[in-house]
Amino acid sequence: MARAEIIDGTATARALRARVADATARLAADHGVVPGLAVVLVGDDPASQVYVRSKSRALAEAGMAAFDHRLAAGTTADQLDQLIGSLNRDPRVSGILVQLPVPPPLEVARLQAAIAPDKDVDGFHVANAGRLAQGWPAPVPCTPLGCLILLRQRFGTGLSGMRALVVGRSNIVGRPVAQLLLNADCTVTVAHSRTADLAAECRRADILVAAAGRPGLIRGDWIKPGATVLDVGVNRLAPAGADPGAKPRLVGDVRFDEAVEVAGAITPVPGGIGPMTIACLLVNTLAAAQRRAGLPPMPEAVP
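First, a word on what this report is: a plain description of the structure on this page. (Residues numbered from 1 in each chain as written. Predicted model: local features only at pLDDT ≥ 70, side-chain atom pairs only at ≥ 80, totals over all residues. Heavy atoms only, no water.)

**Re the overall build of the protein chain**
Here comes step 1: In terms of regular secondary structure, the protein chain is built from 10 helices and 11 strands.
Here comes step 2: For the protein chain, the C-alpha radius of gyration of 19 Å lies close to 19 Å, the compact-globule estimate for 303 residues.
Here comes step 3: Taking the principal axes of its C-alpha atoms as reference, the protein chain extends roughly 55 × 45 × 35 Å.
Here comes step 4: Partitioning the intrachain contacts of the protein chain with sequence separation of at least 6 by distance along the chain shows that 68% fall at a separation of at least 24.
Here comes step 5: As displayed, the protein chain has an accessible area near 13900 Å², and 54% of this comes from carbon and sulfur atoms.
Here comes step 6: Computing the positive centroid from 31 side-chain charges and the negative centroid from 27, the protein chain places the two 1 Å apart. (Helix = DSSP H or I, 4+ residues; strand = E, 2+ residues; numbered from the N terminus. Rg over C-alpha atoms; globule rule 2.2 N^0.38 Å. Contact = heavy atoms within 4.5 Å. Areas by Shrake-Rupley, 256 points an atom, 1.4 Å probe, with all protein chains shown as cover. Lys, Arg positive; Asp, Glu negative; His and termini not counted. Charge placed at Lys NZ, Arg CZ, Asp CG, Glu CD.)

Listed below in structure tokens is the structure:
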């Protein structure tokens, strides 16, 4: 059997970002609307700082406005409520994102609930999660949206009837990607840490989405020959035998070297789902600006 096709998320994300930039320029020229994203970063987590910088660069390249708010780790929930409230009222701000994780004792659920649903570009607000569960239009979490775009690129409208397995049940990836696949008429199973015989569940899946956050969990012989594998896992491991200051290597939840010999198509880590996540953040920000202007969103924003 031939080795799997490598699904190039980097190239797809690059093309998607170019389309977003074109649509953003037209929105500004035709309607005088410039999409703007407010990113709230609490504390000094190094990884979060890197993510915020990359998002700011992506916004600038797309012609969007960035409103960064960097707050001390001791910021209180009431102070954050006041900031988010002001951003909800700010007409320049199309979308609001609170960078996770936040330091304790801040509660993620409270912060997400404070964001106005129409400015929730992460798609985490309970109202938007409920709309997605009902199959209604709603902002979709960025990583699940990226997964769906890659699957549509591969299968078009042919997802109907396919057997899909989602490994992981987080509110950020597992549950919403399962809902998107269900809405696309797949037959969906959600597996997790309590699932009995995970390998057997994997072997039945035409589409396997690995989002458990456990490096190398999915072995090659667990995969159905010819299946499409989307590896959402981003796990940082220290290189074996390297000096303590060496840069960690990124690995997914799937044993790529084994899976590539069995699957029909697979996303690599890095270069697969990761680039799609930031591209879809731009899609959601543009869509939020378009909705507020009474205009239809670009097709990629519609699950």
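**Describing the sheet that holds strand E5 (residues 163–167)**
Here comes step 1: Ordered by their spatial adjacency, six strands build an open sheet running E1-E11-E8-E7-E5-E6, and the pairing between neighbours is parallel. If you trace the sheet from one side to the other, it starts and ends with strand E1 (5–6) and strand E6 (187–191), each paired once.
Here comes step 2: Here E1 pairs with strand E11 (residues 265–266) via two bridges, running parallel. Looking at the pairing, Ile6 lines up with Ile266 of E11.
Here comes step 3: Contacting E1, strand E7 (207–210), strand E8 (228–231) and E11, helix H6 (residues 142–155) crosses the sheet at an angle of about 160° to E8. (Pairing = 2+ DSSP bridges. Axes fitted to C-alpha atoms, helices over the stretch in contact; angles between N-to-C directions.)

**Here we look at the pattern of salt bridges**
Here comes step 1: Counted by the stated rule, this structure contains 11 salt bridges.
Here comes step 2: For Arg17, the salt bridge goes to Glu61, with nearest N and O atoms at 2.8 Å. Taken together, the positions of Arg17 in helix H1 (residues 9–31) and Glu61 in helix H2 (residues 46–61) put the pair 44 residues apart, joining distant regions of the chain.
Here comes step 3: Judged by its relative accessible area of 27%, Arg17 is partly exposed.
Here comes step 4: Taking relative accessible area as the criterion, Glu61 reaches 58% and is therefore assigned exposed.
Here comes step 5: For the salt bridge of Asp118 with Arg292, the shortest nitrogen-to-oxygen distance reads 2.9 Å. Of this pair, Asp118 sits in the loop between helix H4 (108–114) and helix H5 (126–133) while Arg292 sits in helix H10 (residues 273–292); the two residues are 174 residues apart in sequence, bridging distant segments of the chain.
Here comes step 6: We classify Asp118 as partly exposed; its relative accessible area is 36%. (Salt bridge = Lys/Arg side-chain N within 4 Å of Asp/Glu carboxyl O. Buried < 20%, exposed > 50% of the residue type's maximum accessible area, 1.4 Å probe, protein only.)

**Points about the pairing of E8**
Here comes step 1: Here E8 shows two buried faces, one formed by Thr228 and Leu230 and the other by Val229 and Asp231.
Here comes step 2: Bridge analysis of E7 against E8 gives four bridges, and the strand direction is parallel. Bridge pairing in E8 places Ile207 opposite Thr228.

**Examining the packing of H1 against H10**
Here comes step 1: Close contact between H1 and H10 brings their axes to 8 Å; oriented N to C, the two are set at 20°. The orientation of H1 relative to H10 falls into the category roughly parallel. In the crossing of H1 with H10, the sense of the turn from one axis to the other is left-handed. Where H1 abuts H10, its residues Gly9, Thr10, Thr12, Ala13, Leu16, Arg17, Val20, Ala23, Thr24 and Leu27 lie against Pro275, Met276, Ile278, Ala279, Cys280, Leu282, Val283, Leu286, Ala289 and Gln290.
Here comes step 2: For the contact of H1 with H10, the residue count by class is 14 nonpolar, five polar and one charged. (Parallel < 35°, antiparallel > 145°, perpendicular 65-115°, else oblique. Left-handed = near helix turned anticlockwise from the far one by under 90°. Nonpolar A, V, L, I, M, F, W, Y, C, P; charged D, E, K, R; others polar.)

**Some words on the nonpolar core**
Here comes step 1: Within the largest apolar cluster, 54 residues are counted, with the highest numbers of intra-cluster contacts made by Leu16, Val20, Ile207 and Val209.
Here comes step 2: Among the elements of the structure, H1, strand E2 (36–42), H2, H6, E5, helix H7 (174–183), E7 and H10 are those that each provide at least two residues to this core.
Here comes step 3: Element by element, the count of residues in this core is highest for H10, at 11 residues.
Here comes step 4: Those residues in contact with Val20 that sit more than four places away from it in its chain are Ala62, Met64, Leu282, Val283, Leu286 and Met298.
Here comes step 5: Listed in part, the 22 residues of the second largest apolar core include Ala4, Leu165, Val167 and Ala259. (Core = buried A, V, L, I, M, F, W, Y, C linked by side-chain atoms within 4.5 Å.)

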